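Structure assessment
Listed here are the chains, written in short residue letters.
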Amino acid sequence: MRFAASWGSRNVLDALRVRPEMAAEISADRAIDRGGVYRHPVRFQRLRLDVGVEDVPLLGQGGAAAAG
């Protein structure tokens, strides 16, 4: 997966996978440009202290986006 530094930028950001210890709520969409780069940044919303990491499906697994 590739992530751009900003809108219109071809600079690619490095991604580092980590072992999750906390769950966070984010705001994101799935718009991808022709180069395969996500068009909009992911935005942090809040920590979800009421949800454990074992309750969160892995990327690409699980159902539709959660509401609310």
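Residues numbered from 1 in each chain as written. Predicted model: local features only at pLDDT ≥ 70, side-chain atom pairs only at ≥ 80, totals over all residues. Heavy atoms only, no water.

Some details on the pattern of salt bridges
Inspection of the entire model under this criterion finds four salt bridges. One salt bridge connects E21 with R19, and the closest N-O pair in it is separated by 3.7 Å. R19 carries the same exposure label as E21, and that label is exposed. Note that E25 is salt-bridged to R48, the shortest N-O span being 3.5 Å. (Salt bridge = Lys/Arg side-chain N within 4 Å of Asp/Glu carboxyl O. Buried < 20%, exposed > 50% of the residue type's maximum accessible area, 1.4 Å probe, protein only.)

A closer look at a nonpolar patch on the surface
There is a patch of nonpolar side chains on the surface, built from M22, F44, L47 and L49 and spanning about 480 Å² of accessible area. As for its position among the elements, L49 is in the segment after β4 (43-47). (Patch = residues over 30% accessible without salt bridge, like charges linked within 9 Å, V, L, I, M, F, W, Y side chains within 5 Å. Areas by Shrake-Rupley, 256 points an atom, 1.4 Å probe, with all protein chains shown as cover. Helix = DSSP H or I, 4+ residues; strand = E, 2+ residues; numbered from the N terminus.)

With respect to the confidence of the model for the protein chain
Across the protein chain, pLDDT averages 78, with 76% of residues at or above 70. At the level of individual helices and strands, the protein chain shows its lowest average pLDDT in strand β1 (residues 3-4), which scores 66, and its highest in β4, which scores 93. (pLDDT = per-residue confidence, 0-100.)

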